[in-house]
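A structural walkthrough
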Amino acid sequence: MKKLPHITILATGGTIAGSAPSATQPGYTSGKIDIQGMIQAVPDLEKLARIEGEQISNVGSQDMSFEIMINLARRIDTLLSTKETDGVVVTHGTDTMEETAFFLNLTIKSSKPVVMTGAMRPFTALSADGPLNLYNAVAVAADPDAIERGVMVVMNDRIHGAHSLSKTNTTSVETFLSPVNGLMGTVIYGAIQYFRGPFRKHTHHSEFSLKKVTSLPRVDIMYACADMPPDLIDCSVANGAVGIVIAGHGNGNMNKATLQKAAKMADRGIFIVRSSRVPTGTVGRNMEMDDDANQFIASDELNPAKARILLMLALLKERSFQQVQDLFYTY
Ligand code: ASP
């Protein structure tokens, strides 16, 4: 008989490991149940794969840090570089899932499956969604067709690519969408159907490396709003930001005062990326803003949180504005 694939589940916390005093109480605390408790709650997991569990952290993902992300990426690389491990599942809170997924998608050096999952309802809740999400995530990680698809997120029967997914609802189990370019596939009680592969460069094809990296350059996000005060940008730069992502109006727009300030900063060598506060659509170059004259970078498909991750990794090395813009069309 063929041996089942060997999958390691790395737990980082989140609502999937959350606990409440009763099954029907809406309030709860993230990151309370450990990895062994989560594994035991999923029936038939052992029929999909030989499972091992490791605890990386146990935090609500609002407290996810780059220190944890870097450790996680290194642990995944170590595991996947061995013959014994066929794939990795990461359990994670949903709040910053898209950021960690995209970070791993840019930094992991393996073609083997890396699948993230979480839950919107705590482990102790009535109709908790975590156990089925974990079951489906293991099914995808154990699937030979999951190789070379970059980091994926499995939630609520959907398979999303790390580049495209975004959290869209504060409480619903149907919170993740891939609004710009769609789902990668579906997984129903372990039965997988893929619709497409990843569109952009990822994992071992990526040029980013975490070798010797202990921290990342500071990049801040400014949320555009009516009559936005431009001095927030001064404050960011004074505190050490070397890049700023503007979560702009519409197609990455900002008011004149912010535009002037941002252009001045770009002239001083601060990298200004125009993304959008709008949940879907792309931000293109030279639409209402003159990116060529101002040396701004358009975020293309990336929302502000993911644009920030790409810019932080990009600025680990000296690059020109044009080179950074090219990265936004590549990853
Ligand atoms: N605040 C929680 C977290 O991100 C929410 C969740 O997991 O759904 O950890």
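Quick caveat, the model's predicted, so the values are computed rather than measured.

In terms of nonpolar packing, the biggest core is built from 69 residues, with I76, F103, L104 and I272 touching the most fellow members. A total of nine residues in this core trace back to one element, the largest contributor, which is helix α3 (residues 66-80). Leaving out residues up to four positions away in the same chain, F103 has contacts with F66, M69, I70, A73, L210, L216, I309 and L313. If you look at the next biggest cluster of nonpolar residues, it comprises 31 residues, including I35, L45, M184 and Y194.

Where helix α4 (residues 97-107) contacts helix α9 (residues 304-314), the axes come no closer than 9 Å and their chain directions differ by 35°. When the axes of α4 and α9 are compared, the crossing they make is right-handed. Residue-level inspection shows E98, E99, F102, F103, L106 and T107 of α4 in contact with α9, the latter providing A305, K306, R308, I309, L310 and L313. Counted by class, the contact of α4 with α9 contains seven nonpolar, one polar and four charged residues.

One can find L302 in the loop between β14 (297-298) and α9. Relative accessible area serves as the criterion here: at 2%, L302 is assigned to the buried category. In this structure, the C-alpha to C-alpha distance between L302 and D34, residues 268 residues apart in sequence, is 33 Å. Residue contacts for L302: discarding those within four places in its chain leaves F102, H163, S275, A307, L310, F328 and Y331.

Further remarks concern helix α6 (residues 231-238). Along α6, the positions that sit buried rather than exposed are I233, S236 and V237. One face of α6 carries all of its buried residues, which in axial projection span an arc of 95°. At its buried positions, α6 is contacted by β11 (219-223), β12 (243-248) and α7 (256-267). In the stretch just after α6, G240 is the one whose phi turns positive, near 105°.

Quick look at empty space enclosed by the protein now. Per the counting criterion, the structure on display carries one cavity of 30 Å³ or more. Lining of the largest cavity is provided by 16 residues; of these, G161, H163, P198, F199 and R200 occupy positions nearest its centre. For the lining of the largest cavity, the residue count by class is five nonpolar, seven polar and four charged.

Looking now at the sheet that holds β11. Adjacent strands of a sheet pair through backbone hydrogen bonds, lying either parallel or antiparallel. Pairing is parallel in the open sheet, where four strands are placed in the order β11-β12-β13-β14. Looking at which strands have only one partner, the edges of the open sheet turn out to be β11 and β14. With two bridges connecting them, strand β13 (residues 271-276) and β14 associate as parallel partners. If you follow V273 over to β14, its bridge partner there is I297.

In a regular helix each residue adds 1.5 Å, so twelve residues correspond to 16 Å; α7 covers 16 Å between its end C-alpha atoms and thus fits that length. Among the residues of α7, T258, A262, A263, M265 and A266 are the ones counted as buried. In an axial view of α7, the angular spread of the buried residues amounts to 160°, which keeps them on one side of the axis. Opposite the packed face of α7, turned more than 90 degrees from it, sit the exposed residues K256, Q260, K264 and D267. Where α7 is buried, its residues touch α6, β12, β13, α8 (291-294) and α10 (321-330). In the segment just after α7, G269 is the residue with positive phi, at about 100°.

Time to look at the pairing of strand β10 (residues 191-194). Of the strand pairs in this sheet, strand β9 (residues 185-188) and β10 are connected by four bridges, and their pairing is antiparallel. Looking across to β10, one finds that I188 is bridged to A191. Remark: two residues form the turn of the hairpin made by β9 and β10, two consecutive strands paired antiparallel; Y189 in that turn has positive phi of roughly 45°.

All right, on to the sheet that holds strand β2 (residues 50-59) then. A sheet is described by the order of its strands in space; here eight strands give the open sequence β2-β1-β3-β4-β5-β6-β9-β10, paired in mixed fashion. Edge positions in the open sheet fall to β2 and β10, since each of these has one partner strand only. Across the sheet, the mean angle from the axis of one strand to that of its neighbour is 25°, orientation sign disregarded. Inspection of the sheet shows strand β5 (residues 151-155) paired to strand β6 (residues 158-161) by four bridges, in the antiparallel sense. Note on β6: the bridge partner recorded for M152 is G161. Contacting β1 (6-13), β2, β3 (87-91) and β4 (114-117), α3 crosses the sheet at an angle of about 165° to β2.

The rules we used
Residues numbered from 1 in each chain as written. Predicted model: local features only at pLDDT ≥ 70, side-chain atom pairs only at ≥ 80, totals over all residues. Heavy atoms only, no water. Core = buried A, V, L, I, M, F, W, Y, C linked by side-chain atoms within 4.5 Å. Buried < 20%, exposed > 50% of the residue type's maximum accessible area, 1.4 Å probe, protein only. Helix = DSSP H or I, 4+ residues; strand = E, 2+ residues; numbered from the N terminus. Contact = heavy atoms within 4.5 Å. Axes fitted to C-alpha atoms, helices over the stretch in contact; angles between N-to-C directions. Left-handed = near helix turned anticlockwise from the far one by under 90°. Nonpolar A, V, L, I, M, F, W, Y, C, P; charged D, E, K, R; others polar. Arc of directions from axis to C-beta. 1 Å grid on protein atoms, 1.4 Å probe; cavity = no way out; pocket = protein on both sides within 12 Å on 5 of 7 lines; lining within 4 Å. Points joined across faces, edges and corners; volume = space filled by probe spheres on them. Pairing = 2+ DSSP bridges. Expected span 1.5 Å × (residues − 1).

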